[in-house]
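Descriptive structure summary
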Amino acid sequence: MADKAPRTEKTMKKKRKWLQTLRSILIILVLIMLVVLGAVTGTAVALVRGIITELEPLDTSNLYGMLEESSFIYYETEDGVALLEKIETPLYREIINYQEMPATLLNAFVAIEDERFWHHKGIDIRRILGAGWTNFRTGSLQGASTIHQQLAKTLFLSHEKTYTRKIMDAYYGMQLARELSKEKVLEVYLNTIYLGAGAYGVEAAAQVYFSKEVSQLTLSEMALLAGIPRNPTRYAPMKTLEMEKVKPQDTLLKETDNGYVLVYNPETVQRQRLVLYKMRELNWISEEEYQEALDQDVFSLLNPPETQKNDNLSSYFGDLVRQDVLESLQQWGYSLDEARHLLYRGGLHIHSTLNMKLQQILEETFDTPELFPGTQADENGNLLVDAHGNVQPQAAMVVMDYRTGEIKALMGGRMVEGGRQMLNRALVPRQPGSAIKPLAVYTPAIDKGWTPASMIHDAPVYYDPSRPQQAWPGNWYRQEYFGWMTLREALQWSSNVATVKLLNEVGGGRQGAFDVMFDYLQRLGITTLITRDDPYQGADGGLFHDETFSTALGGMTLGVSPLEMTAAYGTLANEGVYAEPVTFTRITDREGNVLVERPIRRERVLTTQSAYLMTDLLVHSITYGTGARAKLDPANSLIPVAGKTGTTTDKKDAWFVGYTPYYAASLWIGNDRPEELADGSGMAASLWQHMMMRIHEGMDPKNFQRPQDISEMTVCTTTGLLANRYCPSPRSERFILGTEPTATCHVHRAPPPPPPPRSEETMEEDTTGEEHPDEETSEEGVEVEESETEEVLQGE
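Parameters and conventions
- Residues numbered from 1 in each chain as written.
- Predicted model: local features only at pLDDT ≥ 70, side-chain atom pairs only at ≥ 80, totals over all residues.
- Heavy atoms only, no water.
- Axes fitted to C-alpha atoms, helices over the stretch in contact; angles between N-to-C directions.
- Helix = DSSP H or I, 4+ residues; strand = E, 2+ residues; numbered from the N terminus.
- Parallel < 35°, antiparallel > 145°, perpendicular 65-115°, else oblique.
- Left-handed = near helix turned anticlockwise from the far one by under 90°.
- Contact = heavy atoms within 4.5 Å.
- Nonpolar A, V, L, I, M, F, W, Y, C, P; charged D, E, K, R; others polar.
- Salt bridge = Lys/Arg side-chain N within 4 Å of Asp/Glu carboxyl O.
- Buried < 20%, exposed > 50% of the residue type's maximum accessible area, 1.4 Å probe, protein only.
- Pairing = 2+ DSSP bridges.
- Patch = residues over 30% accessible without salt bridge, like charges linked within 9 Å, V, L, I, M, F, W, Y side chains within 5 Å.
- Areas by Shrake-Rupley, 256 points an atom, 1.4 Å probe, with all protein chains shown as cover.
- Polar contact = N/O pair within 3.5 Å; in protein donor to acceptor, adjacent residues only side chain to side chain.
- Disulfide = S-S within 2.5 Å.
- Phe/Tyr/Trp six-rings, centres within 6.5 Å; stacked < 30°, edge-to-face > 60°.
- Lys NZ or Arg CZ within 6 Å of the ring centre and 35° of its normal.
- Expected span 1.5 Å × (residues − 1).

Describing the packing of helix α16 (residues 437–447) against helix α22 (residues 608–624)
At a closest axis distance of 9 Å, the pairing of α16 and α22 adopts a crossing angle of 125°. It follows from the interaxial angle that α16 and α22 lie oblique. Note on packing geometry: the crossing formed by α16 with α22 is right-handed. When α16 is examined against α22, the residues Pro 438, Tyr 442, Thr 443, Ile 446 and Asp 447 are found in contact with a partner set consisting of Ser 610, Leu 613, Met 614, Leu 617 and Leu 618. Along the lines of polarity and charge, the residues of the contact of α16 with α22 split into seven nonpolar, two polar and one charged.

Digging into the pattern of salt bridges
The full count for this structure, using the stated rule, is 28 salt bridges. The closest approach of N and O atoms between Arg 488 and Glu 733, which form a salt bridge, is 2.5 Å. One end of the pair, Arg 488, is in helix α17 (residues 487–492); the other, Glu 733, is in strand β23 (residues 730–736), with 245 residues separating them in the sequence. Just as Arg 488 is buried, Glu 733 falls in that class too. Its salt-bridge partner being Glu 712, residue Arg 734 comes within 3.7 Å of it at the nearest N-O pair. Taken together, the positions of Arg 734 in strand β23 and Glu 712 in strand β22 (residues 710–716) put the pair 22 residues apart, joining distant regions of the chain. Judged by relative accessible area, Glu 712 falls into the partly exposed class, the value being 38%. Sharing partners across several salt bridges, the network here consists of Arg 488, Asp 616, Arg 706, Glu 712, Arg 731, Glu 733 and Arg 734.

Side note on the sheet that holds strand β16 (residues 584–588)
As summarised here, the arrangement of the five strands in space is β2-β1-β8-β16-β17, forming an open sheet in which the pairing is mixed. Only two strands of the sheet have a single neighbouring strand rather than two, namely β2 (80–86) and β17 (594–597). Neighbouring strand axes in the sheet, compared pairwise and without regard to direction, differ in orientation by 30° on average.

What to know about the environment of Lys 247
Position of Lys 247 relative to the elements: it lies in the loop between β5 (238–242) and β6 (252–255). Note on Lys 247: relative accessible area 49%, which makes it partly exposed.

Points about a nonpolar patch on the surface
On the surface, Trp 18, Leu 19, Leu 22, Ile 25, Leu 26 and Leu 29 cluster together to form a nonpolar patch covering roughly 570 Å² of accessible area. Within the secondary structure, Leu 26 is located in helix α1 (residues 4–53).

Description of helix α15 (residues 356–366)
Most of α15 is tucked away, with eight of its 11 residues classed as buried. Listing the buried residues of α15 in full gives Met 356, Leu 358, Gln 359, Ile 361, Leu 362, Glu 363, Thr 365 and Phe 366. Buried residues in α15 make contact with β1 (72–77), β2, β9 (394–401), β10 (406–411), β21 (664–670) and α23 (681–695). Near the N-terminus of α15, the side chain that reaches the backbone nitrogen of Lys 357, with its oxygen 3.1 Å away, is that of Asn 355.

Topic: the state of the cysteines
For the structure shown, the criterion picks out zero disulfides. The thiol of Cys 716 is unpaired, and the distance to the nearest cysteine sulfur, on Cys 727, comes to 3.7 Å. In this model Cys 745 remains outside any disulfide bridge; the closest cysteine sulfur is found in Cys 727, 3.7 Å from its own.

Details of the packing of aromatic side chains
One pair of aromatic rings is described through two measures. These are the centre distance and the angle between the planes. Applying the stated criterion across every chain, the model contains 14 aromatic pairs. Ring centres of Tyr 402 and Tyr 659 lie 6.5 Å apart, and the angle between their planes is 70°; on these two criteria the pair is classed as edge-to-face. You can see Tyr 402 sitting in the loop between β9 and β10 and its partner Tyr 659 sitting in strand β20 (residues 653–659), a full 257 residues away along the chain. Side by side, Tyr 402 and Tyr 659 carry an identical accessibility label, which is buried. Here the aromatic rings of Phe 514 and Phe 549 are separated by 5.0 Å at their centres, their planes lie at 65°, and the arrangement is edge-to-face. In this pair, Phe 514 sits in helix α19 (residues 510–523) while Phe 549 sits in helix α20 (residues 549–552), placing the two residues 35 residues apart along the sequence. On the basis of relative accessibility, which here comes to 2%, the residue Phe 514 falls in the buried class. Three or more aromatic residues link up through ring pairs in this structure, and these residues are Tyr 402, Tyr 659 and Phe 704. Over the aromatic face of Phe 117 sits the side chain of Lys 182, whose NZ or CZ is 4.9 Å from the ring centroid. Its end group placed over the ring of Tyr 520, Arg 523 keeps NZ or CZ at 4.1 Å from the ring centre.

A few points about helix α21 (residues 562–573)
With 12 residues, α21 should reach 16 Å at 1.5 Å per residue; the first-to-last C-alpha distance of 16 Å fits that figure. Counting buried residues along α21, 12 of its 12 residues qualify, which places the element largely inside the surrounding structure. Listing the buried residues of α21 in full gives Pro 562, Leu 563, Glu 564, Met 565, Thr 566, Ala 567, Ala 568, Tyr 569, Gly 570, Thr 571, Leu 572 and Ala 573. Trailing α21 by a residue or two, Glu 575 shows a phi angle of about 60°, which is positive.

Observations regarding the side chain of Ser 352
Structurally, the position occupied by Ser 352 is in strand β8 (residues 349–352). A distance of 3.4 Å separates a polar atom in the side chain of Ser 352 from the backbone nitrogen of Leu 354. Dropping the residues within four chain positions of it, Ser 352 is found in contact with Ile 73, Tyr 74, Tyr 75, Phe 317, Val 321, Thr 583 and Phe 584.

With respect to unusual backbone geometry
Each neighbour pair has its own omega, and for Gln 392 with Pro 393 the value is 0°, a cis peptide bond. Summarising the element assignment, Pro 393 is placed in the loop between α15 and β9. The omega torsion of the bond from Trp 472 to Pro 473 falls at 0°, within 30 degrees of zero and hence cis. Looking at where Pro 473 falls in the secondary structure, it is placed in the loop between β11 (455–458) and β12 (483–486). Even without a glycine there, the phi angle at Asp 650 is positive, about 65°. Within the secondary structure, Asp 650 is located in the loop between β19 (642–647) and β20.

Take a look at the structure:
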């Protein structure tokens, strides 16, 4: 027993010594760990602080201004506005308010993306620790981002997958939680999240996948959308493929008109079911709702729209709106890049000038081949097209409210398939033929004091300097020259000779004539004139300009576009005030706040009286002259038409340009590569009348308003002077006050008195064959009268 006690005590001493040593080692290890941890923590803190200090300050005052949002074009209706088209971009975003989002939709996204959203302060510590442990075990990079962090990434950061970026979005996530309410964070998130197929936000996705508004979605459809954000490429319910890449096992949803097909993606189903499971687990839906949603066939839910624009209309007008907006934004101080960004990604709501009723009338007419003589078809009735796939002849038309310059309808071609990059012939200059005469010659003449009764001698002239011995120009009518005619008659019968003689006299010679012509055409908005000092070089190297008499007859270097012709004639209709053509009136943001109110740009370029007399002359030309086919009623009096036909050499271009008390409109018909047409300007006048009859259907009779300082007198159409009671063809003529003729016609006189009764003796003398003195006097009198007539006409 004595030996055992000392041995036990010795053992105990060794054990205590070992424990002390172990404790010392542990203390040292702990100290080392603390030092290392402190160093790591300090480094980590320094690293995080360095990253945070480099971040830009958070600005939550205009979160939607940071987004890329689709722009839209609208047109006016009786009930408000309607969508014409979404401006085509790679994305589609439409922003709605939190109150417009169904509660079930909110729950679906929160359940799958951030189930503790309503409780944390921007970051979820439990989720971060869980993701960190998973990443440590598996070597993966699993995310733990809350909705706040995802929104921060979308608005302020890139999409790279690094720890640095995660530190940044965690910081911004906490900042968002401090500055915004939960509801606002969720609203912005659901308006910005990418959901595949180019759709950003739940409203856009609802339209893209189901052709519905988000308020109309079912639980199953909401769960499908909520499952997409994790990986849109993988979980979006449909994919767009090129036709040749479609596999036999693919299920087709729809073919598009650009060679692509929409294919169903079955992977979306499992993700949708996971969303429904989470909602049921959180008790946010009932068991009955859960089972009902599971039973719905996802494929049958999908209903992508045909297109994001009004499919019944061509894009000519929409293209012009885009061009007009870009130019206007630059005029208002934006650079081209800034203007493009605003147009395509700035969420603009553009209120256009389009009148849908008028546009549909043009569309329907242009889509009817029988209305265009010369349209060719094969034996099966299929229309023949040229090498570019276009039907010929082509056409373009513009209808404008000339008081405001608003373009109400526009067609840049007919039966042309395809969307962008279409040739808009309404903007392409073509030779205007005689339709230019009222603008280039007759308007300057009236504005400079000539009257409708002024006399012009329709007789041979020699105005071609390259062929001074050959009469030029010639006239189009069979009776080559009419002789003396009034200015009204010259325009009525579209006399080429009278037109160039009038221009020469108005200008006081060749160069003066060209200066006057250019001045007035430019006043009326024609921008395609080519001057002698800056000639146009043709493909063969030749130089061309418009300072010629040919321009007055419509033979121009480039020509004039239908749009500019419409605006120019509209100036005459608008009492001498030129109104710049416009395609939109204002631009608003998504909440209806007006960003730009487009002013109406108008400029007086003619006196009211000059414009009225030109309108009166052009109404006369339609009532009695070459444009009779354009009348809307037999007498051209209920809704009178003023206008002018135009046909170029060899009938390569056919025009009718005219206006009523309601609208101005121009119609051009021709081949893209100029060739002779089956018919000339008569075809254009008839087709113009066909469309304008429908446009004016139901409108009240209305006449052009006669201004003050217009007088009316009866004149002799042979001399242009005041008519006497013996003039055979008097006409009531209108004049600007102060330009009326003051002399009375002295060509037409009372007939000579009958000869006195003859005696038998006188009758016997007559049988001798001698001439009677009275007869000689009478012939001399006739000669005097002819001489006086010539003198009067030359003086006039």
